[in-house]
Amino acid sequence: MRDERSLGFIKMTFCNNIATKNRLWAYENKILTEKANITGQKEFGLMKMTFRWYGEGDSIPLSYIRQIPGMSGVVTAVYDVPVGEVWAEDKIARLKRLCDGAGLEMEVIESVPVHEDIKQGKPTRDKLIENYAQTIRNLGKYGVKCICYNFMPVFDWLRTDLKRKNADGSTSLCYCHDTLLKLDPKNLHLPGWDESYTTEELNGLLEEYREITHEKLFDNLVYFLNGIMPACEEAGINMAIHPDDPPWDMFGLPRIVTGGESYKKMIEAVPSRRNGFTFCTGSLGAERGNDLKELAAAYADRIYFAHLRQLKYEGERDFAEAGHLTGAGDLDIYGIVKALIENGFRGYVRPDHGRNIWGENVKPGYGLYDRALGAAYLNGLFEAIEKGV
């Protein structure tokens, strides 16, 4: 009798055709679901732990990432192609070879940036969406299964301090809303963004967005998704939108992916199973009205990627990022992981922003040590909860 044990062999040995692989993956999911329904037993160990890697320029080599216990692969991207252009297969193939050579999978891309013209609904968007769809097809040829992306205008994250000194001597990212409000939108200097735009470019973008409402931005997101869903089906890739970070309007720019209502609206507008979510606890958790355990339970089967990190609240809209443990901050990481597992989560996980600890002087939030500790903690949580400990 054919069962789930034989499918991995069939996929690895005989299936070079993407459509055939997709049918087998769907069949495998069906078997596992039916098995759980019949026996009452859940299939565990289906989460894949990953680690963000910024390519060959990253200060953390793949060989170090490979040494983190339980690490299945890396989350990476092609970083030298202008936004809106197609990612050439030779660049993707090189990344894949590097990951394979280190014994790590490359199944998640974070991210393929969405051009501002698509977000604004400009006439140029159709060509840009075609390019995006081709990039999806190219990535599918090299085993990519999930693309994390965002639809945030201009800034895809904002913090007011990248090296906040903590009581234990570590440093971390933090956000103070009053500090942000005091900034002059016409002369912005933001940590992490000072080199992204010239003053003229930034002011031009902010002016263009003055006419973009929340409704218009959402309509443009739906247009974009409908334009790429056929390519996602063809390539076997799930799109996982990252929530806005933080999840409220900034400098007059609308934010539209902020919590449960956003998720519900997106699924209703684009019901394809390829349309899903990156569940970022730090982004969603910055809004205290979001019940993260409730969201994790409600959308576990559409969460294809989970960014798990911790926050410590310092005001109604002020927060500092902390170590991953539940006891290190105000988010119930244990409860969130439990809700994901109990409601069928089978996606990718990565320990999101860590502190910079032990004298490590690297990209803020993306040092090796604290994220490796976070991965070990999260692996322990998943194993213990899955085994009923």
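Residues numbered from 1 in each chain as written. Predicted model: local features only at pLDDT ≥ 70, side-chain atom pairs only at ≥ 80, totals over all residues. Heavy atoms only, no water.

1. So, the nonpolar core
One broad trend across soluble globular proteins is that nonpolar side chains are buried collectively.
(1) Moving on: Core analysis: the largest hydrophobic core is formed by 99 residues, its most contacted members being Tyr132, Ile136, Ile147, Tyr149, Leu221, Phe224 and Ile228.
(2) Moving on: If one sorts the elements of this core by residue count, helix 9 (residues 214–235) sits on top with 11 residues.
(3) Moving on: Residue contacts for Phe224: discarding those within four places in its chain leaves Val114, Ile118, Ile129, Tyr132, Tyr149 and Phe151. (Core = buried A, V, L, I, M, F, W, Y, C linked by side-chain atoms within 4.5 Å. Buried < 20%, exposed > 50% of the residue type's maximum accessible area, 1.4 Å probe, protein only. Helix = DSSP H or I, 4+ residues; strand = E, 2+ residues; numbered from the N terminus. Contact = heavy atoms within 4.5 Å.)

2. Topic: the packing of helix 12 (residues 292–299) against helix 13 (residues 333–342)
In a packed pair of helices, the relevant descriptors are the angle between the two axes and the axis-to-axis distance.
(1) Moving on: Helix 13 packs onto helix 12 with a crossing angle of 15° between their chain directions and a minimal axis gap of 8 Å. When the interaxial angle is binned, helix 12 and helix 13 end up roughly parallel. Regarding helix 12 and helix 13, the two cross each other, and that crossing is right-handed. Facing helix 12, whose interface residues are Leu292, Lys293, Ala296 and Ala297, helix 13 presents Gly335, Ile336, Ala339 and Leu340.
(2) Moving on: Among the residues making up the contact of helix 12 with helix 13, the classes are represented as six nonpolar, one polar and one charged. (Axes fitted to C-alpha atoms, helices over the stretch in contact; angles between N-to-C directions. Parallel < 35°, antiparallel > 145°, perpendicular 65-115°, else oblique. Left-handed = near helix turned anticlockwise from the far one by under 90°. Nonpolar A, V, L, I, M, F, W, Y, C, P; charged D, E, K, R; others polar.)

3. Observations concerning the pattern of salt bridges
A side chain of one charge can pair with a side chain of the opposite charge if their charged atoms are brought near each other.
(1) Moving on: Evaluated as defined, the whole model comprises 29 salt bridges.
(2) Moving on: Notably, a salt bridge pairs Glu116 with Lys119, separated by 3.3 Å at the nearest N-O pair. Here Lys119 and Glu116 lie together in helix 5 (residues 116–120), a separation of three residues that amounts to about one turn. (Salt bridge = Lys/Arg side-chain N within 4 Å of Asp/Glu carboxyl O.)

4. Section: the sheet that holds strand 7 (residues 238–241)
(1) Moving on: Within the closed barrel, the eight strands sit side by side as 1-2-3-4-7-8-9-12. Their pairing is parallel. Within this sheet the neighbouring strands show an average axis-to-axis angle of 30°, counted without direction.
(2) Moving on: Packed on one face of the sheet, helix 4 (residues 89–101) meets strand 2 (71–76) and strand 3 (105–110) and runs near 130° to strand 3. (Pairing = 2+ DSSP bridges.)

5. A closer look at the confidence of the model for the protein chain
In low-pLDDT regions, the fine details of the predicted coordinates are not to be read closely.
(1) Moving on: Across the protein chain, pLDDT averages 89, with 87% of residues at or above 70.
(2) Moving on: With pLDDT under 50 throughout, residues 1–16 is counted as low confidence; its partners more than four residues away or in other chains account for 19 contacts.
(3) Moving on: Note that residues 21–44 has pLDDT below 50 and, in this model, 32 contacts with residues that lie over four places away or in other chains. (pLDDT = per-residue confidence, 0-100.)

6. Points about unusual backbone geometry
(1) Moving on: Of the consecutive residues Glu110 and Ser111, the connecting peptide bond is found in the cis state with omega at -5°.
(2) Moving on: Among the structural elements, Ser111 can be located in the loop between strand 3 and helix 5.
(3) Moving on: The omega angle of the peptide bond from Asp245 to Pro246 is -5°, so this bond is cis rather than trans.
(4) Moving on: Relative to the assigned elements, Pro246 resides in the loop between strand 7 and helix 10 (260–269).
(5) Moving on: The phi dihedral of Val154 is positive, around 65°, even though this residue is not glycine.
(6) Moving on: Relative to the elements of secondary structure, Val154 occurs in the loop between strand 4 (146–149) and strand 5 (161–165).
(7) Moving on: Even without being a glycine, Phe251 presents a positive backbone phi close to 50°.
(8) Moving on: Note on placement: Phe251 falls in the loop between strand 7 and helix 10.

7. Here's the deal with a nonpolar patch on the surface
(1) Moving on: A cluster of nonpolar side chains, namely Trp358, Tyr369 and Leu373, defines an oily patch on the protein surface of about 350 Å² accessible area.
(2) Moving on: Along the chain, the position of Leu373 falls in helix 14 (residues 369–386). (Patch = residues over 30% accessible without salt bridge, like charges linked within 9 Å, V, L, I, M, F, W, Y side chains within 5 Å. Areas by Shrake-Rupley, 256 points an atom, 1.4 Å probe, with all protein chains shown as cover.)

8. What about helix 9?
(1) Moving on: The end-to-end C-alpha distance of helix 9 is 31 Å, a good match for the 32 Å that 22 residues give at a rise of 1.5 Å each.
(2) Moving on: Taken from the residues just after helix 9, Gly236 is the one with a positive phi, measuring 75°. (Expected span 1.5 Å × (residues − 1).)

9. A few points about the sheet that holds strand 5
(1) Moving on: The strand order across the open sheet formed by four strands is 5-6-11-10, and the pairing between neighbours is antiparallel. Of all the strands in the sheet, just strand 5 and strand 10 (310–313) have a single pairing partner and so form its edges. The sheet shows a mean angle of 40° between the axes of neighbouring strands, direction not considered.
(2) Moving on: Both strand 5 and strand 6 (residues 171–175) contribute to a ladder of three bridges, which runs antiparallel. Its bridge partner lying in strand 6, Asp161 is registered against Cys174.

10. Some words on the state of the cysteines
(1) Moving on: Per the stated rule, a full pass over the model turns up zero disulfides.
(2) Moving on: Take Cys174: it sits in no disulfide, and the sulfur closest to it among the cysteines is that of Cys176, at 7.6 Å.
(3) Moving on: By relative accessible area, which is 7% here, Cys174 ends up buried. (Disulfide = S-S within 2.5 Å.)

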